[in-house]
Amino acid sequence: MKLCGTNYPLSICFIVVNEFCERFSYYGMKAVLTLYFLNYLHWDKNRSTSIYHAFSSLCYFTPILGAIIADSWLGKFKTIIYLSIVYVIGHVIKSVGAIPTVGDSSVHIALSMLGLILIAFGTGGIKPCVSAFGGDQFDEEHVSERQKFFSIFYMSINAGSLLSTVITPVLRGDVKCFGDDCYALAFGVPAALMLVALVVFIAGSGLYKKSPPQGNILLEVCNCIGFAIKQRWGRSKYDSRKHWLDWAEKKYSKRLIQEIKMVLRVLVLYIPLPMFWALFDQQGSRWTLQATRMNLAFGNYFILEPDQMQMLNALLILVFVPIFDLIIYPLVGLCRINVTPLRKMSVGMIFAALAFGAAAAVELNVVKTVVENAPKGNCLLQVFNLAEKDVSVIHGSNLFPEPIRHLQDPPGYVTLPLEAPNKNITMEIALDGKTSECKQSFEEQKAYSLILYPTPTGVQCRLVEDIVKKSQDGEPLLRFINTEKEAINLTVGNVEFYVPPDYNISPNKNVERKEYPDVSCRMESETCSSLNLGLLDFGAHYTFVLENSSQIIAHRMEDVKANNVHIAWQIPQYVLLTIGEVMFSITGLEFSYSQAPANMKSVLQAGWLLTVAFGNVIVLIVAEGAGLAQWREFVLFAGLLLGVCIIFSIMAFFYTYVNPELLEPQHSSGREDEDDDDDDLKKKPSNDVHLSSKGQGTKL
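Residues numbered from 1 in each chain as written. Predicted model: local features only at pLDDT ≥ 70, side-chain atom pairs only at ≥ 80, totals over all residues. Heavy atoms only, no water.

Enquirer: Even after reading the chapter, I still don't get the overall build of the chain, so can you show me in this structure?
Expert: For the chain, the helix and strand inventory stands at 18 helices and 21 strands. For the chain, the residues scored as buried account for 52% of the 700 residues in total. When contacts within the chain are restricted to residue pairs at least 6 apart in sequence, those whose partners lie at least 24 apart make up 71%. Working note: accessible area of the chain is about 30,500 Å², and carbon and sulfur atoms make up 60% of it. Across the chain, the mean location of the 59 positive side-chain charges is 7 Å away from that of the 67 negative side-chain charges. (Helix = DSSP H or I, 4+ residues; strand = E, 2+ residues; numbered from the N terminus. Buried < 20%, exposed > 50% of the residue type's maximum accessible area, 1.4 Å probe, protein only. Contact = heavy atoms within 4.5 Å. Areas by Shrake-Rupley, 256 points an atom, 1.4 Å probe, with all protein chains shown as cover. Lys, Arg positive; Asp, Glu negative; His and termini not counted. Charge placed at Lys NZ, Arg CZ, Asp CG, Glu CD.)

In structure tokens, the structure reads:
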């Protein structure tokens, strides 16, 4: 059945809608995954990054399994159906694991990991099948229609990616359920979209052309290589062949052996490529974590979620692909610069390295507002002077050389040496020539505030433990000190604070980032006017001292500085990385396909997907083992990619382009002189290798 009298099969509508929903499902879930690990499962940044990339890696290993199942056993249609069911089940389990009332933390972790494994098998398994199944719907003579279908297909991929990375972070952050960010909803909506994708695909089952399994070329290639190695291993060194694959001639045709030789020449070039993907896939992990410590407000208009910045890549891909195809590449050609595909890929690596250099520069400024934990054998300390006059804090290490003014906002934490896991320390507090002792117990690697307040007998002290770690969603942290004899109740936004009397302190609570000009204040014995707390900004920790001078006034102290680096400073690194993606990924795929026989393209696709998988493994290893400061880690990755780029450029210099179309005439004419095959197929590197990047994103 054709679509509106055209040569387009009606069945492709179901396939395109299925792909859009599936990509929305996958990228929507993945967009909030790092923050889910961090805030819901309470893993640290390194473990969150490692599990994120372990999942991404599995998603790119499983397509090979899906292709083998489809080509050797079930066929594409049944493989898509069965693995989509696994996919939906994984999403449902993942969503249930995000419901706080379902079990304890160990149950949440178990459900989350099981759900992610099923999702990885589902999305990876159908990845090589859906696009090929869509191409199967066209008759052989409708080549142009098939090409246009793939353009629409890739557009649906990028549209699903773009929309999901905008919408699901909003569902996570702006919708509250169970008293916190609604991860259950953020995972539930992608689960519903995947269910819709499955239903839509099944709905079109009566219209599809369903080709039976015809055997998997990847298995045949592996068997041929294995047979050649086995034959070579058992022979004398004097019994030689021109190429080690020629040992497979006893069982396999010379045509297949020649095709494998061509493929292996390209696969050797793939060896350095995982390093590019190690950098590229950190958009959803390290770059998202960097965004949580930045200022996310665009004036008074809107506030971006930290995990929404990933949508910039999908958006820029749609913009940059036509710009490069229609403007930049033609201009470079007019300048008579010989830009071969492999050189484009090398330049793409350089841009990705520059992106991580930019990320390192941003990180150096971001960490200026972060309070690092004290090293072992030390703790952090700041002092609030609530006495009526200046005081001096006297300690052997001369931590506070200057007098501390009344209600002075501490300039920052100082490091107090303990030289032990915990220690009792006595300090002297001097006020108006009178000295009193302050004895407190400190533990290493913790942060404290020492509150000095007046009593009839002199200055007394109270030690409270502080939270210096910033909230991962950027919410400011707030607490109050009450100098009155009566308790005070405050309502900040929708958060209630009970502040005990007599210089006691309220618990720390997160509030929404915004202006608070009119905070409700309640006391039992007297009226309490509303308080103006001003702007409580991203990432800041505040202590407000409540003091009565004709009315209750809130004196503001900033314990941890607000995030003062704007999220817009991440745009350059996204621009550079997307330019790198356009030059590296799209060019690399099309170059690979141009250098392999038609029946070997699936082998190259498998190899390409494996480079992505191994790239994520590299990040996993570095995140768990390097133990570097974040900006140093960014510099390390940039340096590694530049080194790999040099190696790849040398390999590319010695690579000779081939024309796979010459293979068919050779074998059909009965030529058997294998020694001349390679020479006939090769041609000198030149501008004759023309690639056409047809607006294809790389989300596939």
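Enquirer: Looking at this model, I keep getting lost on the pattern of salt bridges. Mind explaining?
Expert: Where side chains of opposite charge bring their charged atoms close, a pairing between them can arise. A complete count under the given rule lists 19 salt bridges for this structure. Of the charged contacts, one joins D181 and R172 as a salt bridge, the two residues approaching to 2.9 Å between their closest N and O atoms. Its relative accessible area of 0% is what places R172 among the buried residues. Taking the shortest distance from any N to any O, the salt bridge between R172 and D307 comes out at 2.9 Å. One end of the pair, R172, is in helix α6 (residues 143–173); the other, D307, is in the loop between β4 (302–303) and α12 (311–334), and 135 residues separate them in sequence. The class of D307 is buried, set by a relative accessible area of 0%. A cluster of three or more residues bridged by salt bridges with shared partners is formed by R172, K176, D181, E305 and D307. (Salt bridge = Lys/Arg side-chain N within 4 Å of Asp/Glu carboxyl O.)

Enquirer: Help me out: how do you make sense of the packing of aromatic side chains in this one?
Expert: Aromatic ring pairs are described here by two measures, namely the spacing of the ring centres and the angle between the planes. Scanning the entire structure with this criterion turns up 44 aromatic pairs. Plain terms: the ring middles of Y36 and F187 are 4.9 Å apart, the flat faces sit at 80° to each other, and that makes the pair edge-to-face. You can see Y36 sitting in helix α2 (residues 33–40) and its partner F187 sitting in helix α7 (residues 183–203), a full 151 residues away along the chain. Of the two residues examined, Y36 and F187, each falls in the buried class. (Phe/Tyr/Trp six-rings, centres within 6.5 Å; stacked < 30°, edge-to-face > 60°.)

Enquirer: Whenever I open this one, the layout of surface pockets confuses me. Can you help?
Expert: Each pocket or cavity is described by its volume, and for the second largest pocket that value is around 1,100 Å³. What lines the second largest pocket is a set of 40 residues, and nearest its centre among them are K176, D180, D181, D473 and E475. Looking at the lining of the second largest pocket, the elements that each hand over two or more residues are α2, α6, β1 (176–177), β2 (180–181) and β17 (514–516). For the lining of the second largest pocket, a count of residues per class yields 17 nonpolar, 10 polar and 13 charged. (1 Å grid on protein atoms, 1.4 Å probe; cavity = no way out; pocket = protein on both sides within 12 Å on 5 of 7 lines; lining within 4 Å. Points joined across faces, edges and corners; volume = space filled by probe spheres on them. Nonpolar A, V, L, I, M, F, W, Y, C, P; charged D, E, K, R; others polar.)

Enquirer: Looking at this structure, how should I read the state of the cysteines?
Expert: Note on terminology: disulfide describes a covalent bond linking the sulfur atoms of two cysteines. Applying the stated rule across the entire model yields 3 disulfides. The residue that forms a disulfide with C521 is C528, at a sulfur-sulfur distance of 1.6 Å. Taking the torsion about the S-S bond as the criterion, the C521 to C528 disulfide, at about 75°, is right-handed. For C521, a relative accessible area of 8% puts it in the buried group. We classify C528 as buried; its relative accessible area is 14%. With its bonded cysteines labelled in order along the sequence, the chain shows the pairing 1-2, 3-4, 5-6. Cysteine C129 shares no disulfide, and the gap to the nearest cysteine sulfur, in C59, comes to 15 Å. No disulfide involves C222; its nearest neighbouring cysteine sulfur is the one of C224, lying 10 Å away. (Disulfide = S-S within 2.5 Å.)

Enquirer: Just checking my understanding: could you explain the sheet that holds strand β14 (residues 495–499) for this structure?
Expert: Hydrogen bonds between backbone groups are what pair the strands of a sheet, and the pairing can be parallel or antiparallel. The strand order across the open sheet built from 3 strands is β14-β13-β18, with neighbouring strands paired in antiparallel fashion. Of all strands in the sheet, those bounded by a partner on one side alone are β14 and β18 (520–522). Each adjacent strand pair in this sheet contributes to an overall mean axis angle of 15°, direction not counted. Pairing of strand β13 (residues 488–492) with β18 involves 3 bridges; the strand directions are antiparallel. Its bridge partner being in β18, T491 is matched across the sheet by S520. (Pairing = 2+ DSSP bridges. Axes fitted to C-alpha atoms, helices over the stretch in contact; angles between N-to-C directions.)

Enquirer: Help me understand unusual backbone geometry in this model?
Expert: Backbone phi values are negative for most residues with the exception of glycine, while trans is the configuration of most peptide bonds. For L407, which is not a glycine, the phi torsion comes out positive at approximately 55°. Residue placement: L407 occurs in the loop between β6 (392–394) and β7 (414–417). Look at L407 and you get buried, because its relative accessible area is 17%. Positive phi values are uncommon outside glycine, yet Q445 reaches one of about 65°. Tracing the backbone through its elements, the reader meets Q445 in the loop between β9 (434–443) and β10 (447–455). Given a relative accessible area of 37%, Q445 falls into the partly exposed group.

Enquirer: Help me understand the nonpolar core, please; the structure alone is not making it clear to me.
Expert: Formed by 134 residues in total, the largest nonpolar core has its most connected members in L33, Y36, F55, L342 and M600. Here this core gets 11 residues from one element, more than from any other, and that element is helix α13 (residues 341–366). Sequence-distant contacts of M600, defined by excluding residues within four places in its chain, comprise I217, V221, L256, E259, I260 and V263. (Core = buried A, V, L, I, M, F, W, Y, C linked by side-chain atoms within 4.5 Å.)

Enquirer: It is not clear to me how the side chain of E145 should be interpreted in this structure. Could you clarify?
Expert: Mapped onto the secondary structure, E145 falls in helix α6. Of the side chains with opposite charge, K148 lies nearest to the buried E145, which makes no salt bridge, at 6.5 Å.

Enquirer: Whenever I open this one, the sheet that holds strand β8 (residues 422–431) confuses me. Can you help?
Expert: Strands sit in the order β6-β8-β9 across an open sheet of 3 strands; the sheet is antiparallel. The open sheet has two edge strands with one neighbour each: β6 and β9. With direction set aside, neighbouring strand axes in the sheet form an average angle of 30°. In terms of strand pairing, β8 meets β9 through 10 bridges, oriented antiparallel. From the neighbouring strand, T426 faces β9, where its bridge partner is K439.

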